[in-house]
Amino acid sequence: MLDLVIRGARIVDGTGNPWWPGDVGTQGDRIVALGDLTGASARGVIDAAGAVVAPGFIDLHTHADFTLPRFPRAEAMVRQGVTTQLVGNCGFSPFPGAPDRLDLLRAYAAFVDAGLSWEWRDAAGYAAALERLPLACNVALQVGHGAVRIAVMGFDDRPPSGAELDAMRRLVAEAFEQGVLALSTGLIYVPGSYARTDELVALAEVAARYGGFYSSHIRGEGGTLVPAVEEALEVGRRAGVAVQLSHHKASGRRNWGRVDVTLGMIDRARAAGQDVLADQYPYTAGSTTLAATVPAWAMQGGLDALLARLADPPTRRRIRAEMAGGAPAGREFEPDAIMISAVPPGPDSAYEGMMLAEIAAARGEDPVDAALGLLERHRGAVQMVVFSMSEDDVRRVMRHPAVAVASDGWTLAPEAGGRPHPRSYGTYARVLGRYVREAGVLRLEDAIRKMTSLPAQRLGRRDLGLIRPGCAADLVVFDPDRVADLATFQEPHRFCAGVSHVVVNGQVAIEDGRDTGARAGRVLRRTGARRSTD
Ligand SMILES: [Zn+2]
């Protein structure tokens, strides 16, 4: 007797092959039968006539580690069909935490922190905390370089001593022992931006030793995009580790079109035998902390140090001048492209959804002062959305066979408020609706491959991302004629349309578009990792 049969669907199996008609049978947490299962009896049946069944989507790029404790159902993502997400991206992870530097780590993550308890100190403790939650989807962890550097060196802008580098390598190794799958860096954020390439290689070598990979929010996505990709490839070559280029794009009007160069670099690296992939969210706007617009030197020592510098008139003038003139690192400060997306509750909440240029005009301030004022009043806890990419580039990157779909979102629920980037609610449905059905940028089967078997390959999981007997019973059923993202920049808290059922580890998590409350998710650990003892 099967536990579940999905009947009469078009099976898009994750390989990229054309769909075929058939039934999918599961038992426990595995797919066990495929084909014509008319005679098979099952405890549960999903009638999927006319619908597509695909492997559950694997999101290689989220920041849900900071929001899952508050929104463990991850509804924004699971309702699109996401059954596994990789957290810990861009150098941010909620561990390791050195007792005397926990305040610095919390300040570093303030813009994504949805109110964590911070009761853990390492990956094992954090994973154990996740496992106490009613998770709806699977979660895999990365250790963030920024967190590791803060634990050892705080926000110091200098290379590590030999002893400090050893201490960082030990923390990275400990995280891999405890089950993380990768090391991430965020080289536009302090303190990640203080690290030189040699430091990254030394830490990535630890990831290589454990069969992990190196994911990077590279040092620049604007004027310095090309050398920044080159640095990531160099880290991969020297450390002997697979590379994942995060949210690949060219930011800032002057840099549009440069993805042709970087996609060529990926092709050449792969032709030379280097394992490099990228991922992408399907929008022309990005989102991060407003503090990322401030010159890196001004952030040395962390947010408190920035606030102290802003209180010192000559230093404030220097910061203003660099931002107004375009920071030397090639970061763009374009007030008419920056939308303030979330500020803590209070009078400034009225600015959510407004462009920085509009806010400045309303306040009678210069746009730089408007930005710095927001950072000062909210101690850095301000998020922005930046409309910085071209649609042509988005499509070019999307078509590349080594690029996976990923959201760069976090698990949210409508009660989270604010106007976060709609990608948390819309990424997968948008690719399937707008880019597959409406624009024909991708074949349906290719889009599904980029959401399933390709990211599974990066995770080193042969049993995920495919509809095959023996693979995980992580499945999504959707209507290819109706699937669509409904979340917009002005109304981001809207679930997608057209996804009827989501199955996670054999349990139905979404049934006819409703959350069943099933505690179906697990923490996916690196094979051979030690389990937490608490
Ligand atoms: Zn990033």
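See above for the structure.
Residues numbered from 1 in each chain as written. Predicted model: local features only at pLDDT ≥ 70, side-chain atom pairs only at ≥ 80, totals over all residues. Heavy atoms only, no water.

(A) Quick look at empty space enclosed by the protein. Enumeration according to the criterion identifies 3 cavities of 30 Å³ or more in this entry. As a volume, the largest cavity reaches approximately 220 Å³. Residue lining of the largest cavity: 20 residues in total, with Y108, V190, T289, A291 and M299 positioned closest to the centre. Element by element, the count of residues in the lining of the largest cavity is highest for helix 2 (residues 102–108), at 3 residues. Looking at the lining of the largest cavity, its residues break down into 16 nonpolar, 3 polar and 1 charged. Its boundaries defined by the atoms lining it, the second largest cavity holds a volume of some 40 Å³. Taken together, H248, K249, A250, Q280, Y281, Y283, M389, D393, V394 and V397 make up the full set of residues lining the second largest cavity. (1 Å grid on protein atoms, 1.4 Å probe; cavity = no way out; pocket = protein on both sides within 12 Å on 5 of 7 lines; lining within 4 Å. Points joined across faces, edges and corners; volume = space filled by probe spheres on them. Helix = DSSP H or I, 4+ residues; strand = E, 2+ residues; numbered from the N terminus. Nonpolar A, V, L, I, M, F, W, Y, C, P; charged D, E, K, R; others polar.)

(B) Representation of the pairing of strand 16 (residues 383–387). The buried count for strand 16 comes to 4 of 5 residues, which makes it a mostly enclosed element. Across 4 bridges, strand 15 (residues 338–342) lies against strand 16 in antiparallel orientation. Its bridge partner lying in strand 16, A342 is registered against Q383. (Buried < 20%, exposed > 50% of the residue type's maximum accessible area, 1.4 Å probe, protein only. Pairing = 2+ DSSP bridges.)

(C) Quick look at the coordination of the zinc ion. Around the zinc ion, the donor atoms from the protein are C90 (SG), H217 (ND1) and H247 (NE2), and they sit 2.1 to 2.2 Å away. Every donor residue of the zinc ion comes from the same chain, spaced as C-x126-H-x29-H. Of this pair, C90 sits in the loop between strand 7 (82–86) and helix 2 while H217 sits in strand 11 (residues 213–217); the two residues are 127 residues apart in sequence, bridging distant segments of the chain. Grouping residues by exposure puts C90 and H217 together as buried. (Donors = N, O, S within 2.8 Å, 3.2 Å for Na, K, Ca; no water.)

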